[in-house]
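Chains, contacts and geometry: an overview
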Amino acid sequence: MPPNVMAQRELQLSLPGSAAVTPTTAAPAPATGTTGMATPMATEEREGPAEVAAGVRGVAAGVVAGLNEPQADAVAYTSGPLLVFAGAGSGKTRVITYRVANLVARERVPPYRILAVTFTNKAAQEMSHRLRDMLGDAARDVWVGTFHATCAKLLRRHGTAVGVASNFVIYDSSDQKSVMTRVLRELELDERRYPPRMVLGRVHKEKQEGRRPEQMNIDSYMDEAIQKAYRKYQEALQAAAALDFEDLILRTLDLCESKTPEAAAVLRKFSYVLVDEFQDTNATQYALLRALSSQTNNLCVVGDDDQSIYRWRGADVRNIRGFRSDYPNARVVKLEQNYRSTQTIVAAALGIIARSSTREPKELWTSNAEGDPIISLGTSDERDEAAHVVAGIHDARASGISMSDIAVFYRVHAQSRVLEEALRAANLPYQIVGGTKFYERAEIKDALSYLRLLVNPASDVDMLRIINSPPRGIGQTTVERLASLASSRGEPIFETLGAMDAMEPQSQASGKPLFQASAKKRLGQLQVLLRNLKEASSTLLPHELFDRVIAQTGYRAALEADDSSENEARLENLAELRGSIEDYGVEAEARGESPTIQGFLERVSLQSDTDDMNETERVTLMTVHGAKGLEFQVVFLTGMEEDMFPYRGMNDSQGMDREQLDEERRLAYVAVTRARSKLIVTHASARQIFGTTRWSSASRFLSDIPPELIEERMTPQARGASAGGRYIDGSSRARGNIPTGRFEHPQSLGPVSPPPRAPARPTPPPGERYVDDAFFDDSGEEGEVLRRGSKVLHVRFGEGEVRKVLDLGEPAVVAYFPGWGEMKVLARFLKAR
DNA sequence: GATTGTGAGGTTTTT
DNA sequence: CCTCACAATC
């Protein structure tokens, strides 16, 4: 993870402090709304060194020093609900950590009674580290973790009160999908009308909004089918002692509401609850937070509605926007000073977000230097783009910027490949965050399934996964019969397997034995194998168990048997998995816990690849989503084209709705605000994506940035493409004022060339209009909007339909004209129909 | 029962 | 472009 330079910068100011702010704990919460505390700044207030709790490294006094006024306010306000709007780069994490430190060191709140919740492990880790720096050992007892990890922890301890087995396993999305597939089959629902993905999506949505099957709104036959599937899916999970991600939250909420002694204990547990990225919470998560803080109402939520980018995942930005009405006496603090970025970058970000249709009013500002202009680079295609990103990285390095302080962002992972190739060819070290996940590889999933099955034999998904892996002669027919036998007996497959010896199951139809002798024998062997491993699992260390599993199951042997390069890679992956099990063991012991397989598995299922970024000297490639919460000196924001960003799916039809567009806009805002001093945005006129070529114009978000902040450029290739391209209408591409500068790192730039200018357009004849560049317009209300599907009229080709919109320095399209085919035409030669 | 091939479908972002 | 599901074949 890149170092938080802002923090470093500020800590220099803050640490000498023996100054402290008068605790404002007792102050009544004024209803004045925003930042209105008149608390003097730390530097103006003198106190003797504050008493320091044992084990706390003298930070109590410094806790509030070095914070600006609203920050200090948020840290010091400790009695009741608190809502912090934290603009990008405004020192949000800092406020949370200082707040926790203040609670422990000054307010003497026992660390184990503080809960700080984040969304990503990455954020949780960073918070832990910072707390450790401030509080030392006391930090260990603060509950810091993601929603999911926190819930898992609570459920392991107390879940039995609401019927959650303490050895539950967590099903990831592919596990979930296979459960759902089986459910849908059992319900005999048509796979085309009810794709598992879709049904699962609907079920998740219900769960995210806290609705059980019986609470669903049923408006159609399909809803009814989904309701059935939802029920059955939950039954299947319950039978397998498995939880999906939503269940982790929902069942913890159940626990809280259960009126059991365990519930009482959990509800009493935390006297302070803090949440980071509150704008990303869904209804269930919010309900859980409310429950966990219900005894004291000391709920502190920190977030930024402008950075709400997970609506698709159930996040409800109304949680943060409506917090004040849920907690009318909440103190509201707005952190509006940005410490991260240049004025130029902040202004650009504001230009983008300003057009969002709904926002909590706030003014982000900075006292940082103006900085360099943003470079907007037009490229011909994704390869050209990648080549110039590489060139830009070289330039940045030449000006002394560390590789780990450079990032390349893209909207979707699919864009990473070309960039990756270019970086590799240029010998630039890089790391890709996210994407194809290690833990999704087949061999890893197989190995983990064995381990999970040993912890929780009821987990049918795992059983079905490994039953014939490595191949042991148990075929589809046998598996199906076994599974249906188990389900008719109402027990997990593992149990049925164990009972095989004692019974002679017969087919109901024919009365013949259900299993052939050979099949039965093989099932018996598997049963013995698993039983032996299970016995061993209680005595062996996790990595030893792993070794035994891949040895005794024949998994390793099967891979070694044929030494293809794929199998070699698989063996390496398994070795890597073993390594991470060992690492886990070491860490667990360091924490004074004894390592267990269950502990390891939990870590795995709640961890994403995004989490382990290291600080080595490498350029970071990631999606914009992955970038949230991070910052880099230099940021390349690629693929800034209409259709890519804002991203539109494949469905060729209509555009996106306002809400989607707003979310894309916020995403763009997040992307831009990651940059500290340099932002280079790139767009390509043509892009190969998902196997087809897409032509598009520059993103509307670029035109929302005040033009004076941007320096427009084109790569030679892009210029060549537009200058050399001949059009059927014979239009000349020759135009004046095309900048000719090489692409270099902004800091080493010469004089800025003026942006390319479209040639003056002739006045349209009376009664005619020219279709023009109004397709940058969000609202579609002014001007003529030219987009896919628009009907156009050309003087020679007649009526046509727009297939692609492109930016060739001026608006142009690929349009289909019956009798002519697809033609590339400048928009100014077209009339709208 | 296993292996291989073909086709179709879907393609965002993540705990 | 990729994955997955299913069919045909050994």
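Refer to the structure presented above.
Below is a short write-up of the structure.

Let us now look at the packing of helix H15 (residues 382–398) against helix H16 (residues 416–425). The geometry of H15 relative to H16 is characterised by a closest axis approach of 9 Å and an angle of 45° between their N-to-C directions. If you check the angle between H15 and H16, you find them oblique. Pair H15 / H16 crosses with right-handed handedness. Taken together, the residues of H16 that come into contact with H15 (itself represented by Glu382, Arg383, Ala386, Val389, Val390 and Ile393) are Val418, Leu419, Glu421, Ala422 and Leu423. Residue composition of the contact of H15 with H16, by class: eight nonpolar, no polar and three charged.

To continue, consider the packing of aromatic side chains. In total, this model carries ten aromatic pairs according to the counting rule given. For the ring pair Phe119 and Phe147, a centre distance of 5.2 Å and an interplane angle of 55° mean the geometry is tilted. Remark: Phe147 occurs in helix H5 (residues 147–158) and Phe119 occurs in the loop between strand E2 (114–118) and helix H4 (121–135); sequence separation between them is 28 residues. Take Phe119 and Phe147: they sit in the same class, and that class is buried. Judged by centre distance (6.4 Å) and plane angle (40°), the ring pair of Tyr286 and Phe323 falls under tilted. Linking Tyr286 in helix H11 (residues 283–292) with Phe323 in helix H13 (residues 323–326), this pair joins segments that are 37 residues apart in sequence. For Tyr286, a relative accessible area of 6% gives the class buried.

For the structure on display, the rule yields 55 salt bridges. Close ionic contact of Asp316 with Arg318 constitutes a salt bridge, the shortest N to O distance being 2.7 Å. Among the residues examined, Asp316 registers a relative accessible area of 18% and is labelled buried. On the basis of relative accessible area, Arg318 is assigned to the exposed category, the value being 61%. The closest approach of N and O atoms between Asp704 and Arg355, which form a salt bridge, is 3.1 Å. In this pair, Asp704 sits in the loop between helix H28 (700–703) and strand E17 (710–714) while Arg355 sits in the loop between helix H14 (343–353) and strand E9 (374–379), placing the two residues 349 residues apart along the sequence. Three or more residues are tied together by salt bridges with common partners; here these are Asp304, Asp305, Asp306, Arg321, Arg359 and Lys362.

With respect to the element layout, Glu370 can be found in the loop between H14 and E9. On the basis of relative accessible area, Glu370 is assigned to the exposed category, the value being 53%. For Glu370 and Ala347, which are 23 residues apart along the polypeptide, the C-alpha to C-alpha distance reads 9.6 Å. For Glu370, the residues in contact, after removing those within four places along its chain, are Thr342, Gln343 and Thr344.

Read from one edge of the open sheet, seven strands run E11-E12-E10-E13-E14-E9-E17, paired in parallel fashion. One side of each edge strand has no neighbouring strand; the edge strands of this open sheet are strand E11 (430–432) and E17. Sheet twist, expressed as the average angle between the axes of neighbouring strands with direction ignored, equals 20°. Sheet topology note: the strand E10 (residues 406–410)/strand E13 (residues 632–637) ladder contains four bridges and is parallel. Following the sheet pairing, Val408 is matched in E13 by Phe636. Together, E9 and strand E14 (675–684) form the strand contacts of H14, whose direction differs from that of E14 by roughly 50°.

In a beta sheet, neighbouring strands are held together by backbone hydrogen bonds and run either parallel or antiparallel to one another. Overall, parallel pairing links the six strands, which are arranged E3-E2-E6-E7-E1-E8 in an open sheet. Where the open sheet ends on each side, the last strands, each with one partner, are strand E3 (143–146) and strand E8 (331–335). Averaged over neighbouring strand pairs, the angle between their axes works out to 15° when direction is ignored. As paired strands, E2 and E3 are joined by four bridges and run parallel to one another. When the bridges of E3 are listed, Leu115 appears paired with Trp143. Against the sheet, H5 engages E2, E3 and strand E6 (272–275), with an angle of about 115° to E3.

Another aspect to go through is H15. With 17 residues, H15 should cover 24 Å at 1.5 Å per step; its first-to-last C-alpha distance of 24 Å lies within 8% of that length. The N-cap of H15, judged by a side-chain oxygen 3.0 Å from the amide nitrogen of Arg383 a few residues on, is Asp381. Immediately beyond the C-terminal end of H15, within one or two residues, lies Gly400, with a positive phi of roughly 85°.

This brings us to a negative patch on the surface. A cluster of acidic side chains, namely Asp562, Asp563, Glu566, Glu568, Glu572 and Glu576, defines a negative patch on the protein surface. Relative to the helices and strands, Glu576 is located in helix H24 (residues 565–590).

Counting buried residues along E8, five of its five residues qualify, which places the element largely inside the surrounding structure. Two elements, strand E1 (residues 82–86) and E8, share five bridges in a ladder whose sense is parallel. In the strand pairing of E8, Leu82 is matched with Arg331.

Moving on, we come to H24. Given 3.6 residues to a turn, an α-helix orients residues that are three or four positions apart in the same direction. Helix length check: H24 (26 residues) gives 37 Å between terminal C-alpha atoms against 38 Å at 1.5 Å per residue, within 8%. Contact partners of the buried residues in H24: helix H17 (442–455), helix H22 (542–552), helix H23 (555–561) and helix H25 (597–605). Where H24 ends, the next residue or the one after it, Gly592, has phi of about 80°, a positive value.

On to unusual backbone geometry. Cis geometry marks the peptide bond from Ser469 to Pro470, where omega comes out at 5°. Here Phe645 and Pro646 are connected by a cis peptide whose omega angle stands at 10°. Take Pro646: it is sitting in the loop between E13 and helix H27 (658–672). One non-glycine residue, Glu277, lies in positive phi territory at about 50°. Tracing the backbone shows Glu277 in the loop between E6 and H11. On the basis of relative accessible area, Glu277 is assigned to the buried category, the value being 12%. Unlike most non-glycine residues, Asn297 shows phi in positive territory, near 65°. Here Asn297 lies in the loop between H11 and strand E7 (299–303). Owing to a relative accessible area of 31%, Asn297 belongs among the partly exposed residues under this scheme.

Reading the values: rules and limits
Residues numbered from 1 in each chain as written. Chains lettered and ligands numbered in written order. Predicted model: local features only at pLDDT ≥ 70, side-chain atom pairs only at ≥ 80, totals over all residues. Heavy atoms only, no water. Axes fitted to C-alpha atoms, helices over the stretch in contact; angles between N-to-C directions. Helix = DSSP H or I, 4+ residues; strand = E, 2+ residues; numbered from the N terminus. Parallel < 35°, antiparallel > 145°, perpendicular 65-115°, else oblique. Left-handed = near helix turned anticlockwise from the far one by under 90°. Contact = heavy atoms within 4.5 Å. Nonpolar A, V, L, I, M, F, W, Y, C, P; charged D, E, K, R; others polar. Phe/Tyr/Trp six-rings, centres within 6.5 Å; stacked < 30°, edge-to-face > 60°. Buried < 20%, exposed > 50% of the residue type's maximum accessible area, 1.4 Å probe, protein only. Salt bridge = Lys/Arg side-chain N within 4 Å of Asp/Glu carboxyl O. Pairing = 2+ DSSP bridges. Expected span 1.5 Å × (residues − 1). Polar contact = N/O pair within 3.5 Å; in protein donor to acceptor, adjacent residues only side chain to side chain. Patch = residues over 30% accessible without salt bridge, like charges linked within 9 Å, V, L, I, M, F, W, Y side chains within 5 Å. Areas by Shrake-Rupley, 256 points an atom, 1.4 Å probe, with all protein chains shown as cover. Lys, Arg positive; Asp, Glu negative; His and termini not counted. Charge placed at Lys NZ, Arg CZ, Asp CG, Glu CD.

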